[in-house]
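# Chains, contacts and geometry: an overview
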Amino acid sequence: DGLNCDWSSDVSSSDLEDWLTTFRHKRTDYSGNAIAKAMPLSWSQVEPALPPRELAGKIPCEELAEGRMRELLLNPELSVLPLAEWPADIKSAQVKAVSDEEVVKIPIGLYKRGIRRVADEDERLIGPSGKAIYQGAFGVSKGKKLEGTDLDILRLIINLVPSNQVQRMIRGDNRTLPYLGQWCGCLVEDGELVVWSSEDVKCCFYVIRLPKQWGKF
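Keep in mind that this is a model prediction, so the values were computed, not measured. (Residues numbered from 1 in each chain as written. Predicted model: local features only at pLDDT ≥ 70, side-chain atom pairs only at ≥ 80, totals over all residues. Heavy atoms only, no water.)

A word on the overall build of the protein chain. Across its full length, the protein chain holds 6 helices and 8 strands. Helices and strands appear in the protein chain in the N-to-C order α-β-β-α-β-α-α-β-β-β-β-α-α-β. Counting across all 217 residues of the protein chain, residues that qualify as buried make up 24%. Counting every atom, the protein chain has about 16600 Å² of accessible surface; 54% of that belongs to carbon and sulfur. (Helix = DSSP H or I, 4+ residues; strand = E, 2+ residues; numbered from the N terminus. Buried < 20%, exposed > 50% of the residue type's maximum accessible area, 1.4 Å probe, protein only. Areas by Shrake-Rupley, 256 points an atom, 1.4 Å probe, with all protein chains shown as cover.)

Following this line, the structure appears as structure tokens:
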């Protein structure tokens, strides 16, 4: 009785390895959304995902905002916690790169692209211990490969967790953002059709520019 199962398999070891590679780089949360794994950076993998020089950092964010949001963007100190509320130990983040050479190449490439600038001495964020607090960076796969290679094209993620610890969250319009999982509660009858659309700004994090006074954060 029961099911007769043939446990013999035609799956090759190479097929198995492909699945192992997939599971190493991709996870999902309880809602089924993909969770990208942090990957080490190289400039050759990051550059194809960045906007061109003529577009990078060209849109001042304060020109897109109004009211309280514009005020906060122009005055970052309004979002900084009182020094007494800062954590006693703020750890700096690291740049996750494939080599020390890439740790140098990436910021140079970003500078030439117009995405970063050289910080002034007084723009260093100093923690309660008297040590400077540094941000980090890592990559996540865009699901595409560099032409002629097996290397992933990477989306550059700047890790601002260290400086976020000394700021209040600027919520803005976060509460108005839709959640795709809400569509699961819709019942579509026979003969009915659901149509929806969305829009996105390509490379928005590197096309839109923060005011210079945010350099410390």
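A few words now on the side chain of Gln-167. Position of Gln-167 relative to the elements: it lies in the loop between helix H5 (161-164) and helix H6 (204-207). Within the structure, the side chain of Gln-167 is placed 3.0 Å from the backbone oxygen of Ser-163, a separation counted as a polar contact. (Polar contact = N/O pair within 3.5 Å; in protein donor to acceptor, adjacent residues only side chain to side chain.)

Another aspect to go through is the packing of aromatic side chains. Remark: the centre distance and the inter-plane angle together describe each pair of aromatic rings, the angle taken between the planes. Going through the model one piece at a time under the given rule, you end up with 2 aromatic pairs. Here the aromatic rings of Trp-183 and Trp-196 are separated by 4.8 Å at their centres, their planes lie at 25 degrees, and the arrangement is stacked. Of this pair, Trp-183 sits in the loop between H5 and H6 while Trp-196 sits in the loop between H5 and H6, placing them 13 residues apart in sequence. By relative accessible area, Trp-183 is classed as partly exposed at 37%. Summarising the aromatic geometry, the rings of Trp-214 and Phe-217 are spaced 6.0 Å apart at their centres and angled 70 degrees between planes, so their arrangement reads as edge-to-face. In this structure, Trp-214 and Phe-217 share a single accessibility class: buried. (Phe/Tyr/Trp six-rings, centres within 6.5 Å; stacked < 30°, edge-to-face > 60°.)

This part takes up helix H4 (residues 100-113). The end-to-end C-alpha distance of H4 is 21 Å, a good match for the 20 Å that 14 residues give at a rise of 1.5 Å each. Among the residues making up H4, those that are buried are Glu-102, Ile-106, Gly-109, Leu-110 and Arg-113. For H4, the angular spread of buried residues about the axis comes to 95 degrees, placing them on one side. Away from its buried face, by an angle of more than 90 degrees, H4 presents the exposed residues Asp-100, Glu-101 and Lys-112. (Expected span 1.5 Å × (residues − 1). Arc of directions from axis to C-beta.)

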